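Breakdown of the fold
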Amino acid sequence: MKTTFLEFEQSISDLEAKIEELRFVQDDSAVDISEEIARLQKKSNALTKELYAKLTPWQMAQVARHPQRPFTLDYIGALFTDFEELHGDRSYADDLSIVGGLARFNGQSVMVIGQQKGRDTKEKILRNFGMPRPEGYRKAMRLMRLAEKFEIPVFTFVDTPGAYPGIGAEERGQSEAIGRSLYVLAELRVPVICTVIGEGGSGGALALAVGDLVMMLQYAIYSVISPEGCASILWKSADKAPEAAETLGITASRLKTLGLIDKIINEPLGGAHRDHAVMMQTMKKALQDALRSLGNKGVDELLETRLDRLMAYGKFKEVEAE
Amino acid sequence: MSWLQKLLPPKIKRSIGPSKRAVPEGLWIKCASCDAVLYATDLEKNLNVCPKCNYHNRLSARARIDMLLDPEGRYEIGAEVVPVDSLKFKDSKRYVDRLEEAQRQTGETDALVVMQGAIKNIPLVAAVFEFEFMGGSMGSVVGERFVRGVQVCLEQNLPFVCFTATGGARMQEGLLSLMQMAKTTAVLTQLAARKLPFISVLTDPTMGGVSASFAMLGDVIVAEPKALIGFAGPRVIEQTVREKLPEGFQRAEFLLEKGAIDMIVDRRQMRDQLAQLITLLLRIAPENT
């Protein structure tokens, strides 16, 4: 797959184009230019490293939304076996922007649920750009309860711009679906491990992101409102999205400092989309560690710890009441 | 009259001193719905419901509590919790300045007032949103006060009632505010485990992160007439679907028709109605109230 470069990666893109060109001529060239290619490749890597060492939150948002970034189904395909996708909310429809089903992780039965974006136009439309409707959340809740019934741990993958703001979605109770999902996850009597893999967009993301362990990929973002949305409300201009991204604190490192996520999963150089294989290895290890860390806890202890964590969210001060 | 005053043309003279239009402010109020000009005290006496068209104008949190709870035995919960600007958030204005301005304008320290008290002698805890405080937005303080209110219910076996009037999560607190959705919802599991009722009353407006968390999870969900209730704002939906929204979309009556809420209750009957619901749920005979 040819890498699509982002706007801020122009310098890398130029260099990679040159390398590509040299590789092309190398085959019918009399002189050996492999050394030159290696030199340029090294330079490109160094450049990427340098650029990615100081990504701005807005640039990170671009990486988090990269069309070649691994999506939920990519992780399911690579890390799980015997995936049996389960469909439908049993009352209205099957929302394809959320996928879920039973699978095995290292041989152990698990439930996997996540938002799914599309890569090409056709798939994007099919997946509604990863923006779930109420029936998507209701399907997810059904699968959570199913997992609970058979004492199966739940993995969620979070990757959505947000819940879909449409007429039908409102008519069928988008708010209730999201709220109920938060409720179900808060009391679900099995381990829940959540990973924000790309875009964690507001309530639509949170509905799958309440659990015993919330992890986040290094260049994923997680926010109460999209930087564009925030900018257009508070600055009255979507062009101020970079400023909004900065002040909203949407990056993994910032959220870790605030105590809102538990763990950051490192990405390969240049982002998860540059090397799916490496990303899958790192993710597998992270999920294994997460499951192991929760595995020997009793259900009551698990729920108590989960509740305590949720109750601790928030920053305020206490003063003498008047 | 001095010679100088005589020289001044009358036009300038008139602009000096108090303006002729100086009518005491706030004496007359225009109904937001039917444009009827109403005498302010009349409107207030009618709980801010327009006597001409029954439109439920917005009500401050304290006024709401006054109309709702019995006058004696009220204790405020969570007033000691006050906001901080942990993100150093700044858009066109700094968050700390916005907070200060909202505090000055409303006399509240944040957008939720929680009060222990009673409705017709039935003890309970009521949480009421103050919409005038930054659009009733939910940040860390709102979440914490909500939780402290529920905790009092758990300690003393009380039902919990919440009146929402909010635009949703408070952007200025970033993801911290989003997490308040999870926090407030999670504490309701405790209330349910103890079989204590949670009644959610949706008033105009109840949107975004508040509607998509605890507000829609009431054991009974009540709404005030014509209240705007929904997840996404009408403008956002209009921009997304690029069509005009149907008449009455996201209004309480629309939600009732779609099966999202249990009932619409006139503000003037709210006290009676809540007392009725709670006594029914708790199996208290009517003569005991």
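Our structure is the block above this text.
1. Focus: the overall build of chain B
Across its full length, chain B carries 11 helices and 11 strands. With respect to the three principal axes, the spread of C-alpha positions in chain B is 85 × 50 × 45 Å. In chain B, which comprises 289 residues, the proportion classed as buried is 54%. Counting only contacts in chain B whose residues sit at least 6 apart along the sequence, the fraction spanning at least 24 positions is 68%.

2. What to know about the interface of chain A and chain B
Taken together, the contact between chain A and chain B spans 46 residues of the former and 57 residues of the latter. Here chain A packs against chain B, burying approximately 4500 Å² in sum over the two surfaces, 74% of which is carbon and sulfur. Summed over the shared surface of chain A and chain B, the number is 2 salt bridges. In this structure, A:Glu171 engages B:Lys258 in a salt bridge whose closest nitrogen and oxygen atoms are separated by 3.9 Å. Taken together, the links from chain A to chain B amount to 14 residue pairs in polar contact (both at pLDDT 80 or more). The greatest single-element share of the side of chain A that touches chain B, amounting to 10 residues, is contributed by helix α8 (residues 174-187) of chain A. Looking at the side of chain A that touches chain B residue by residue, the class counts come to 28 nonpolar, 9 polar and 9 charged. Inspection of the sheet shows strand β9 (residues 316-318) of chain A paired to strand β4 (residues 81-83) of chain B by 3 bridges, in the antiparallel sense. Residue A:Glu318 lies in a different strand from β4(B), and its bridge partner there is B:Val81.

3. Remarks on the nonpolar core
Counting 152 residues, the largest nonpolar core has A:Phe80, A:Tyr222, A:Leu287, B:Phe160 and B:Phe214 as the members making the most contacts within it. Broken down by element, the residue count for this core peaks at 10 residues, all from helix α7 (residues 174-193) of chain B. If we ignore the near neighbours within four places in the chain, the residues touching B:Phe214 are B:Phe129, B:Met138, B:Phe146, B:Cys162, B:Thr164, B:Thr184, B:Thr185, B:Leu188 and B:Phe198. The next biggest cluster of nonpolar side chains, apart from the first, holds 25 residues, and it includes B:Ile119, B:Val128, B:Val220 and B:Leu277.

4. Regarding helix α1 (residues 10-26) of chain A
Residue and element names in this part refer to chain A. Here α1 contains 17 residues, and its C-alpha end-to-end distance of 24 Å stays within 8% of the 24 Å for a straight helix at 1.5 Å per residue. Looking only at α1, the buried set comprises Ile12, Leu15, Glu16, Ile19 and Leu22. Down the axis of α1, the buried side of the element spans an arc of 120°, and every buried residue falls inside it. Opposite the packed face of α1, turned more than 90 degrees from it, sit the exposed residues Glu21 and Phe24. Of the surrounding secondary structure, the elements contacted by the buried residues of α1 are α2 (34-53).

5. As for the side chain of A:Thr48
All names here are of chain A. Mapped onto the fold, threonine 48 is located in helix α2. According to the relative accessible area criterion, threonine 48 is buried, its value standing at 0%. Within the structure, the side chain of threonine 48 is placed 2.7 Å from the backbone oxygen of serine 44, a separation counted as a polar contact. Non-local contacts of threonine 48, meaning those with residues more than four positions away in its chain, are made with Ile12, Leu269, Gly270 and Arg274.

6. Some thoughts on the pattern of salt bridges
Taken as a whole and assessed by the stated rule, the structure comprises 43 salt bridges over all chains. The salt bridge involving B:Arg271 is made with B:Asp70; its shortest N-O contact spans 2.8 Å. With B:Arg271 in helix α11 (residues 270-281) and B:Asp70 in the loop between α4 (61-68) and β3 (75-77), this residue pair connects regions lying 201 residues apart in the sequence. Bridged by salt links that share partners, the residues A:Arg65, A:Lys117, A:Asp159, A:Glu199 and A:Glu228 form one connected network.

7. Some words on the environment of A:Gly295
All names here are of chain A. Tracing the backbone through its elements, the reader meets glycine 295 in helix α13 (residues 276-295). Exposure remark for glycine 295: the relative accessible area of 56% places this residue in the exposed category. Separated by 142 residues in the primary sequence, glycine 295 and proline 153 have C-alpha atoms spaced 9.1 Å apart.

8. Details of the packing of aromatic side chains
Given two aromatic rings, their pairing is described by the distance between the two centres and the angle made by the two planes. In this structure the tally under the stated criterion is 13 aromatic pairs over all chains. Consider the rings of A:Tyr52 and A:Tyr219, whose centres lie 5.2 Å apart with planes at 70°: the pair is edge-to-face. With a gap of 167 residues between them, A:Tyr52 in helix α2 and A:Tyr219 in the loop between β6 (213-217) and β7 (221-223) connect regions that are remote in the sequence. Residue A:Tyr52 shares its accessibility class with A:Tyr219, and that shared class is buried. Taken together, a centroid distance of 5.2 Å and an interplanar angle of 55° make the contact between B:Trp28 and B:Tyr39 tilted. Of this pair, B:Trp28 sits in strand β1 (residues 28-30) while B:Tyr39 sits in strand β2 (residues 37-39), placing them 11 residues apart in sequence. By relative accessible area, which is 35% here, B:Tyr39 ends up partly exposed. Three or more aromatic residues link up through ring pairs in this structure, and these residues are A:Tyr75, A:Phe80, A:Phe105, A:Phe155 and A:Phe157. When the ring centre of A:Tyr164 is taken as reference, the NZ or CZ atom of A:Arg133 above it lies at 4.6 Å.

9. Describing the environment of A:Phe129
Residues and elements named next belong to chain A. Structurally, phenylalanine 129 can be placed in the loop between α5 (121-126) and α6 (134-149). Judged by relative accessible area, phenylalanine 129 falls into the partly exposed class, the value being 42%. Remark: the alpha-carbon pair of phenylalanine 129 and serine 97, spanning 32 residues in sequence, is separated by 7.2 Å. Setting aside anything within four residues of it in sequence, one finds phenylalanine 129 in contact with Lys117, Lys124 and Pro161.

10. As for α7(B)
The element α7(B) is largely enclosed, with a buried count of 17 among its 20 residues. One or two residues past the end of α7(B) sits B:Lys195, with phi positive at roughly 55°.

Quick notes on the rules
- Along each chain, residue indices are assigned from 1 in the same order as the chain's sequence is written.
- Written order decides the labels, with chains lettered from A and ligands numbered from 1.
- Note on the predicted model: pLDDT of at least 70 is required for a residue's local features to be given, and 80 or more for side-chain atom pairs to be given and counted; whole-chain, interface and lining totals, by contrast, use all residues.
- Think of the side-chain values as coming from all heavy atoms in the structure, minus any hydrogens and water.
- Under the scheme used here, helices are H or I runs from DSSP no shorter than 4 residues and strands are E runs no shorter than 2 residues, and both carry numbers assigned from the N terminus.
- The buried label applies to any residue whose accessible area, calculated with a 1.4 Å probe on protein chains only, is under 20% of its type's maximum; exposed applies above 50%, and partly exposed to all values in between.
- The contact definition used throughout considers only heavy atoms, calling two residues in contact when any of these lie within 4.5 Å.
- Accessible area, probed at 1.4 Å, shrinks when two parts are joined; the buried area is that loss added up over both.
- Salt bridges, as used here, are contacts in which a Lys or Arg side-chain nitrogen is within 4 Å of a carboxyl oxygen on Asp or Glu.
- Side-chain atoms alone can form a polar contact between residues adjacent in sequence; in general such a contact is a pair of N or O atoms within 3.5 Å, and within protein one must be able to donate a hydrogen while the other accepts it.
- Residues are grouped as follows: Ala, Val, Leu, Ile, Met, Phe, Trp, Tyr, Cys and Pro are nonpolar; Asp, Glu, Lys and Arg are charged; every other residue, Gly included, is polar.
- Between any two strands, pairing holds if DSSP finds at least two bridges.
- Put simply, a nonpolar core is a bunch of buried Ala, Val, Leu, Ile, Met, Phe, Trp, Tyr and Cys residues held in one set by side-chain atoms that sit within 4.5 Å of each other.
- Multiply 1.5 Å by the residue count of a helix minus one, and that product is the helix's expected span.
- The directions considered for the arc are those from the helix axis to the C-beta atoms.
- Aromatic rings from Phe, Tyr and Trp, taking only the six-membered ring of Trp, are treated as a pair when their centres fall within 6.5 Å; an angle between ring planes under 30 degrees marks them as stacked, one over 60 as edge-to-face, and anything in between as tilted.
- Here, over-ring charges are defined by two tests on the NZ atom of lysine or the CZ atom of arginine: distance to the ring centre within 6 Å, and angle to the ring normal within 35 degrees.

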